[in-house]
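A structural walkthrough
One-letter residues, chain by chain:
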Amino acid sequence: MVFAISFLAGTGQSQAQIPAPWNEALTSLAEKIVADATPASSLSVSSQNMSSLDQTTTNRIFAELIWEVSRRRGWEAQQQESTTGGPSYLLSKNLSQQLPADANVKVTFSEGADGYVWVAEISRGESQQIEMVSVSKQDTAGMSGGKPWLSLRRNVLWAQSQPLLDFAEEKLTDHPTGMITVLEPNRLATGNLNGGVLTISGTSPLTDIPVARDLRGRLQLSPNGQVTAYIAGSMCIAEPKNASFTCVHEPGKDWPFADGLEAVYVANRNYFAGLLSVPAEPSAAGRPFYSAAILNSGSKGPLILAELEGKSRLYDAANGPPSTFNGWGDDIAFIATSCDSSEHVLVTGVGDWTQPDRIQLYEISRGTATADGEPVEFSGPILALWSSDDAMSARIVSRNLHTGLYEASTVSVSCSN
Amino acid sequence: MEIAAVLNSLEPAAASLNVDQAEAQEQVDSLLYDQRGSDGKFIGPAGSGAFRVSEWEPGKRLVLAANEDYSGGRAFIDSIDIRMGHSAADRLLALELDKADLAEIEPDKARDAAEHGIRLSVSRPDELIALVFFPGRSATQDARTCEAISRSIDRSSIVSFILQRQGEPAGALLPQWSSGTAFLFSTAPDPITAKEISHQISTTTKIVVGYDLADTLEKAMAERIAVDAREAGVALAVEPVTPAERKSGKLDAELVRLRMISSSPRESLVRFVSTLEPLTGLDPSPVPGGASADQLYEIERNILSSYRVVPLVWVPEVYGLSARVRNWTMPPVGGPWPFADVWLEQQQQ
Amino acid sequence: MTFRTKLFIIFTLALIVSIGLVAVGVTTGARRAFNQLNTLHSEAFVAQFEREFQRSEQDVVHKVQGIADAEGTVRMAIDLSRPQADVSLYVNDARGVAQSHQLDFLDFVSSDGSIISSTEWPARFGYKMTWVTQPQNWALVGSFLMKVDTQNGPALGVMAVSTVRVGDKNLYVVGGERLGKDFLSSLVLPDGMRALLYQNLSAQFDPVNLIDQTGPAFQAERFAPFITQQQQHPAEQLFKISWTRDRASGEVFHALPLLGRQKELLGVLLVGSSQNQVVTLERQIRMLALEVVALGLLFGALMSWWGAARVTEPVRKLAEGARAVSEGNWNTRVDVRGPHEIAELGRSFNRMTQQLAEQRERLLQAERVAAWREVARRLAHELKNPLFPLQTTVENLQRAKSHHPEQFDEVFRESTSILLSEIQNLKDIINRFSDFSKMPQPELSTVNLNDVVRSAAKLFEPQFGALGRPPVTPELHFDEQLPAISGDAALLRRAIENLILNALDAMPAGGVLMLRTTHDDHDVHLEVSDTGTGLTAEECERLFTPYYTTKQHGTGLGLAIVQSIVSDHGGRIWVDSEPGVGTSFHILLPVKPSPHVAPAPPPAAPQPPVVVETEKV
């Protein structure tokens with residue numbers, strides 16, 4: 001019920017509606033699944049798409065199905081690693097107990113000559129039951145016709161041999177001017193980017209920076225061109241034009257996040273001690289995290305924290321208890337799209353610094369995260385991922401394992417039908 | 001059905017086809033007649049369709065000429081020369097030598113044909129090749145024998161190696177694109193279970209599986225099935241048979257081809273059931289009109305649960321086209337050849 | 001067995017033994033020579049097989065390497081080394097390549113051991129051939145014998161493996177040629193020899209797997225025990241099979257095990273050498289020997305007949321003559337002609353018989369003279385005894401008449417008494433002589449000798465313990481089962497009385513007189529023994545001569561009478577004596593009535609000689 005209300009009330013975006021016959025089919029299927037799975041106390045539900053419906057559509061349908069099943073049994077849902085190509089969830093009365101699933105359900109979105117066939121294979125112990133519903137094809141226009149196709153586009157700006165923490169492009173009326181401010185572990189530099197080559201015009205050394213094995217830094221550009229660098233526990237302010245800056249060593253200085261949210265950075269480590277105050281999501285406050293993605297709905301909206309135990313959690317009180325996402329990297333960032341009203345985040349992979357990394361776009365909906373589009377592969381680990389100020393792109397610092405160079409890239413979402 | 005077509009838009013333009021007479025009748029009628037009645041039978045005079053019979057040598061050759069007065073518009077080509085009874089190798093050779101414009105190619109030869117530069121038109125898999133066990137045979141009296149054989153068969157290898165990836169492993173009577181539930185029937189081999197079952201069976205009689213003498217694809221499949229069965233501990237011998245020898249009684253099982261008559265899963269299933277009933281002695285429940293997917297699934301499951309019918313692979317129809325054939329579209333399942341819309345590109349002299 | 005027969009046997013045996021030894025020697029030598037020749041042929045064939053096998057191995061290695069080096073194979077290897085390579089593209093390649101390279105077996109195997117394409121079993125694609133991927137340098141292994149699984153069943157093949165390496169992936173080319181009847185057909189065999197190959201394709205012996213140059217071997221099941229032995233203990237072996245009861249049908253096989261890479265038995269090459277020639281030769285030799293023996297026997301028979309005739313006939317005649325002489329025909333003469341020795345022998349024989357006859361005549365005459373002298377002496381002695389008293393008495397009468405007439409009557413009475421007594425003695429003496437001269441023929445009846453002996457002994461009982469005489473102890477041992485004889489009881493009693501009387505006379509100092517009767521199947525035996533003074537050998541010889549006596553008194557006719565009685569009963573009497581110990585008289589009388597034995601006829605006129613024609617031996 002909670003899921004349904006939030007869906008109908010809307011969240012500020014218009015989402016494609018599932019046609020009524022499909023809803024009826026979904027409901028019927030959910031009822032059959034619940035009936036066959038009883039009296040299992042936890043359920044592992046996975047999905048695969050064998051139909052002509054696109055993955056996003058089937059993911060959405062699957063999310064609806066998960067919601068229907070959870071609603072009927074009052075279960076919580078947690079996304080888990082999937083081996084079937086589609087999303088997979090663990091449904092349980094109490095996810096914190098981390099009990100293994102009593103029953104397994106594999107949902108297949110199939111298609112025949114007469115229409116779609118959605119099949120659920122319910123396995124409990126040695127027994128297996130199969131339930132299916134048939135859906136005619138004529139009802140799909142509203143569902144699958146308007147969904148844009150999202151893809152990530154990466155733009156490598158330049159590469160350098162010195163370690164790179166962050167960079168900022170100076171923009172004039174949203175267009176890059178070619179002036180780049182670069183934050184390195186020992187200095188702040190400015191330069192001109194032309195043809196993939198950054199020509200440094202000025203540098204300012206950074207001193208008294210605390211030693212950290214995984215030093216992180218972040219740049220913020222204010223509209224007046226002022227550059228504020230957050231590095232470890234220090235904050236430095238620089239005027240690019242006059243190439244002077246002042247570093248204020250303030251241990252425990254908070255780093256700002258979107259919508260006025262701030263977090264304390266632990267100077268000799270590389271994580272944040274926790275958001276100071278999250279009125280909309282009190283349960284998220286104080287939880288240590290590596291990175292955060294504040295969804296586009298503002299400070300009152302949901303947020304995702306890449307927390308220390310290797311899981312990311314979506315705090316969306318409006319949609320129920322936090323959802324846990326496994327298999328995400330430590331760097332996440334919110335990114336907006338111009339064509340899709342859904343909430344999206346960029347997520348890095350789970351490898352280490354010796355392995356190539358990737359950026360995957362996820363759509364966040366109803367407490368679920370669905371991979372959207374193909375990931376962008378990198379030739380080495382991603383060291384930093386920050387949303388741009390307008391959230392229409394993200395800055396990425398990575399290291400190319402083949403060349404050893406540090407690459408500065410931007411990633412944005414492109415839309416196509 | 002064997003088809004090789006030579007389409008000559010010059011004088012007189014003729015499209016020649018090699019086709020088996022019995023199978024081609026439906027197709028030929030669709031060219032000769034304009035309309036079907038409610039019972040599905042063609043109505044009206046022969047030749048009221050896009051073509052009329054010009055020459056007829058029973059069992060050898062049929063030449064159809066374009067009907068100038070066809071209400072749906074005169075066909076682009078002048079005539080179709082249908083030649084019958086040629087082997088698969090001859091049909092392919094005719095294509096390569098430009099003696100045919102259109103030829104039906106065995107799926108396992110499709111890749112080779114493509115590598116030789118022949119254009120291909122491939123349908124969705126619409127023909128099932130299945131292993132059917134005859135009733136009342138002592139060697140297969142124990143249903144577990146059939147199950148052991150069924151579980152031992154490596155369908156994916158048959159598709160990869162024998163069919164050269166022109167086909168799909170079949171676990172169900174209906175293909176996935178038709179029923180949408182074929183994926184629920186496993187196609188993976190289970191040699192361990194097959195061995196366990198064969199050890200429980202006390203019979204040492206060799207099971208004889210027949211295949212069409214003229215069908216090299218069936219021969220290769222039968223031999224492979226024998227190898228798989230042997231690995232599972234079941235002795236199986238393969239034997240080529242002519243159509244006349246099919247009912248000789250010396251066979252315990254046979255490879256059977258079942259072609260879909262339409263994309264409708266129900267219609268095809270009805271046709272399959274009527275074909276399989278006399279072969280297997282099975283008496284499945286009738287297929288209700290308007291049957292839903294799960295009803296069709298249940299009927300399939302019941303038929304296959306006895307292991308008397310073992311689906312093997314789904315194969316497509318493959319047509320090879322000469323360079324000058326234009327606007328050929330793959331006919332729908334059970335649908336007519338679209339010769340009325342085909343034209344020939346004139347070759348540069 | 002006659003001398004002729006013995007001579008024939010000896011001659012024949014000598015011939016047979018010598019011919020037999022020669023035949024055995026020739027046969028053995030021939031057989032050995034044949035066996036050596038067969039062994040040489042077998043070894044030569046085995047060497048040829050090994051050469052051909054090696055050539056085939058090298059050929060296979062060369063072909064397989066050629067396939068591995070071919071551009072198409074290298075391209076296949078490169079293609080298959082890529083990730084997500086489509087192996088199915090090459091599923092039909094092996095057959096064409098094998099045909100072009102004239103290989104019976106060819107498999108392309110991927111790096112993980114999966115069969116990509118197979119000539120001998122096309123449907124086996126995808127299945128594993130894991131032995132190929134075991135780490136080793138196939139180039140060093142070269143070729144080897146192997147059991148190959150084919151669509152039509154297992155077969156033997158000479159195989160080789162080549163590896164095409166692309167990156168870290170291998171493509172294995174496994175090829176080979178069938179080892180079967182075609183290979184056997186390529187071998188050249190001398191006459192009388194053949195080659196078989198047993199393909200050890202199953203755990204148990206299978207006759208179908210034994211082939212020769214034309215295909216499955218005939219009567220293959222006969223090889224079962226030998227092949228089974230090879231399966232248990234592979235080793236070169238010789239064995240023989242007789243196809244029929246005829247030994248000539250036999251065949252000696254030289255078995256050569258063919259081993260695989262793991263030293264497992266994969267095949268057995270059998271080189272057969274027919275025994276027909278050697279057996280036929282043996283038979284010919286034997287037949288020749290038999291013919292020679294037969295001829296020899298015939299010759300020997302003739303020779304022995306002739307030789308025997310030259311030798312044995314005269315000897316036979318001599319033997320006949322000797323027999324006639326032993327029967328009393330002293331005038332037998334033999335006429336032996338021929339070789340000097342034999343003729344001399346005949347003449348000697350004739351001289352001997354003549355001399356014997358003359359000597360016997362002289363002996364008889366001498367004995368007659370001696371006997372008459374003895375009789376005269378005895379008669380004189382006997383008559384003298386009573387005549388002396390007669391004379392004395394008459395002289396007394398004369399004296400009394402002349403000198404003492406008064407006593408003449410008394411003297412006359414005494415003297416006449418004495419004269420009458422002595423005259424009676426003379427009469428007795430004359431009666432005894434007269435009795436002896438006209439001894440009566442026995443009147444035969446069934447007689448129990450024990451009764452006769454008892455009655456005779458009873459007569460002398462008073463004398464055994466007579467006063468004034470040393471005692472004589474009688475010992476009577478009668479055979480109670482004594483059979484009856486045919487005789488005259490009175491005469492027999494008289495004879496026994498004479499013997500008892502003699503025995504008592506021989507024991508003047510007393511002793512033991514034993515009378516014993518025994519019998520056997522044919523005769524009844526009476527023994528009369530004493531422990532008297534005994535007799536010398538000379539006395540024993542003359543004992544039964546009439547009027548011969550060792551006693552001071554007696555006529556000397558007693559034993560002669562006894563002998564006459566015994567002789568008349570068809571019996572025999574002899575004496576054993578030892579001076580100082582005693583004397584035993586033995587009488588043997590036939591149980592069955594014996595025919596009246598006529599006295600020896602007077603010497604007849606000399607018979608005509610037997611003429612024997614002999615040649616000088």
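Scoring rules and cut-offs
- Residues numbered from 1 in each chain as written.
- Chains lettered and ligands numbered in written order.
- Predicted model: local features only at pLDDT ≥ 70, side-chain atom pairs only at ≥ 80, totals over all residues.
- Heavy atoms only, no water.
- Contact = heavy atoms within 4.5 Å.
- Buried area = accessible area lost by both parts, 1.4 Å probe.
- Salt bridge = Lys/Arg side-chain N within 4 Å of Asp/Glu carboxyl O.
- Polar contact = N/O pair within 3.5 Å; in protein donor to acceptor, adjacent residues only side chain to side chain.
- Helix = DSSP H or I, 4+ residues; strand = E, 2+ residues; numbered from the N terminus.
- Nonpolar A, V, L, I, M, F, W, Y, C, P; charged D, E, K, R; others polar.
- Buried < 20%, exposed > 50% of the residue type's maximum accessible area, 1.4 Å probe, protein only.
- Arc of directions from axis to C-beta.
- Core = buried A, V, L, I, M, F, W, Y, C linked by side-chain atoms within 4.5 Å.
- pLDDT = per-residue confidence, 0-100.
- Pairing = 2+ DSSP bridges.
- Axes fitted to C-alpha atoms, helices over the stretch in contact; angles between N-to-C directions.
- Phe/Tyr/Trp six-rings, centres within 6.5 Å; stacked < 30°, edge-to-face > 60°.

1. A closer look at the interface of chain B and chain A
Facing the 13 residues of chain B at the interface are 14 residues of chain A. Surface buried jointly by chain B and chain A totals about 990 Å² across both partners, of which 66% is contributed by carbon and sulfur atoms. Of all residues in chain B, Gln-176, Phe-183 and Leu-184 of chain B give up the largest surface area on contact with chain A, accounting jointly for 42% of the area buried on that side. Seen at the junction of chain B and chain A, the total is zero salt bridges. Counting across the chain B and chain A interface gives four residue pairs in polar contact (both at pLDDT 80 or more). Among the elements of the structure, α6 (176-179) and α10 (293-305) of chain B are those that each provide at least two residues to the side of chain B that touches chain A. Residues belonging to the side of chain B that touches chain A are distributed by class as follows: six nonpolar, six polar and one charged.

2. Overview of helix α7 (residues 224-232) of chain C
All names here are of chain C. Along α7, the positions that sit buried rather than exposed are Phe-226, Ile-227 and Gln-230. The arc that holds every buried residue of α7, seen down its axis, measures 95°, which confines them to one face. Those residues of α7 that are buried are in contact with β6 (193-199), β8 (237-242), β9 (250-259) and β10 (265-274).

3. Some points on the interface of chain C and chain B
Contacts between chain C and chain B engage 13 residues on the former and 15 residues on the latter. Buried surface at the junction of chain C and chain B, summed over both partners, amounts to about 1,300 Å²; 55% is from carbon and sulfur atoms. Counting the surface chain C buries against chain B, the share from its top three residues, Ser-88, Phe-125 and Tyr-127 of chain C, is 41%. Inspection of the region where chain C meets chain B yields three salt bridges. The salt bridge partner of Arg-124 of chain C is Glu-231 of chain B, with a shortest N-O separation of 3.3 Å. Viewed at the interface, chain B and chain C are joined by ten residue pairs in polar contact (both at pLDDT 80 or more). For the side of chain C that touches chain B, the per-class residue count stands at eight nonpolar, two polar and three charged.

4. Brief notes about the nonpolar core
When a protein is soluble and globular, its nonpolar side chains tend to lie buried together. Residues and elements named next belong to chain C. Of all hydrophobic cores here, the largest spans 44 residues; its most connected members are Leu-449, Leu-492, Ile-496, Ile-500, Leu-513, Phe-585 and Ile-587. Taken together, the elements giving at least two residues each to this core come down to α10 (408-437), α11 (449-459), α13 (489-505), β15 (511-519), β16 (523-530), α15 (558-568), β17 (572-578) and β18 (582-590). If one sorts the elements of this core by residue count, α13 sits on top with eight residues. Those residues in contact with Phe-585 that sit more than four places away from it in its chain are Leu-499, Leu-526, Glu-527, Val-528, Leu-543, Phe-544, Leu-559, Ile-573, Trp-574 and Val-575. Judged by nonpolar contacts, the second largest core, of 40 residues, contains Val-60, Ala-94, Phe-183 and Leu-269.

5. Section: the confidence of the model for chain A
Residue-level pLDDT values for chain A average 81, and 83% of them are 70 or greater. Here residues 1-16 of chain A is a poorly scored stretch, pLDDT under 50, and it has 26 contacts once near neighbours within four places are set aside; other chains count.

6. Notes on the sheet that holds β16 of chain C
Residue and element names in this part refer to chain C. A sheet is described by the order of its strands in space; here five strands give the open sequence β13-β15-β16-β18-β17, paired in mixed fashion. The two strands at the open ends of the sheet, each matched to only one other strand, are β13 (472-477) and β17. Recorded for the sheet is a direction-independent mean angle of 10° between the axes of neighbouring strands. Bridge count between β15 and β16: seven bridges; the pairing is antiparallel. Pairing of Leu-513 across the sheet is with Asp-530, part of β16.

7. Regarding the environment of Glu-262 of chain A
All names here are of chain A. Structurally, Glu-262 can be placed in strand β17 (residues 262-265). Between the C-alpha atoms of Glu-262 and Gly-274, which are twelve residues apart in sequence, the distance is 8.4 Å. Once residues within four sequence positions are removed from consideration, Glu-262 is found in contact with Asp-254, Trp-255, Pro-256, Phe-257, Gly-274, Leu-275 and Leu-276.

8. Considerations on the packing of aromatic side chains
One pass over the structure, following the stated rule, counts 33 aromatic pairs over all chains. Considering the side-chain rings of Trp-328 of chain A and Tyr-362 of chain A, the 4.7 Å spacing of their centres and the 40° angle between planes classify their relative orientation as tilted. One end of the pair, Trp-328 of chain A, is in the loop between β22 (323-325) and β23 (332-335); the other, Tyr-362 of chain A, is in strand β25 (residues 358-365), with 34 residues separating them in the sequence. The pair formed by Trp-328 of chain A and Tyr-362 of chain A is uniform in burial state, with each residue classed as buried. Aromatic pair Phe-49 of chain C and Phe-183 of chain C: ring centres 5.5 Å apart, planes at 90°, arrangement edge-to-face. One end of the pair, Phe-49 of chain C, is in helix α1 (residues 3-69); the other, Phe-183 of chain C, is in helix α6 (residues 181-185), and 134 residues separate them in sequence. The pair Phe-49 of chain C / Phe-183 of chain C is uniform in exposure class, with both members buried. Every member of this aromatic cluster is reached through a ring pair, and the members are Tyr-230, Trp-255, Tyr-265, Phe-272, Phe-289 and Trp-386 of chain A.

9. Some details on the pairing of strand β19 (residues 289-294) of chain A
Residue and element names in this part refer to chain A. In terms of burial, β19 is a largely internal element, six of the six residues being buried. Two strands pair when backbone bridges link them, and β19 and strand β20 (residues 303-307) are joined in this way by five bridges, in the antiparallel orientation. When the bridges of β20 are listed, Ala-292 appears paired with Leu-305.

10. Examining the pairing of strand β4 (residues 103-112) of chain A
All names here are of chain A. Among the ten residues that make up β4, eight are buried, leaving the element largely enclosed by the rest of the structure. Where strand β1 (residues 42-49) meets β4, seven bridges bridge the pair, whose relative direction is parallel. Looking at β4, one finds that Val-45 is bridged to Val-105. Linking β4 back to strand β5 (residues 115-124) in an antiparallel pair, the connection comprises two residues.

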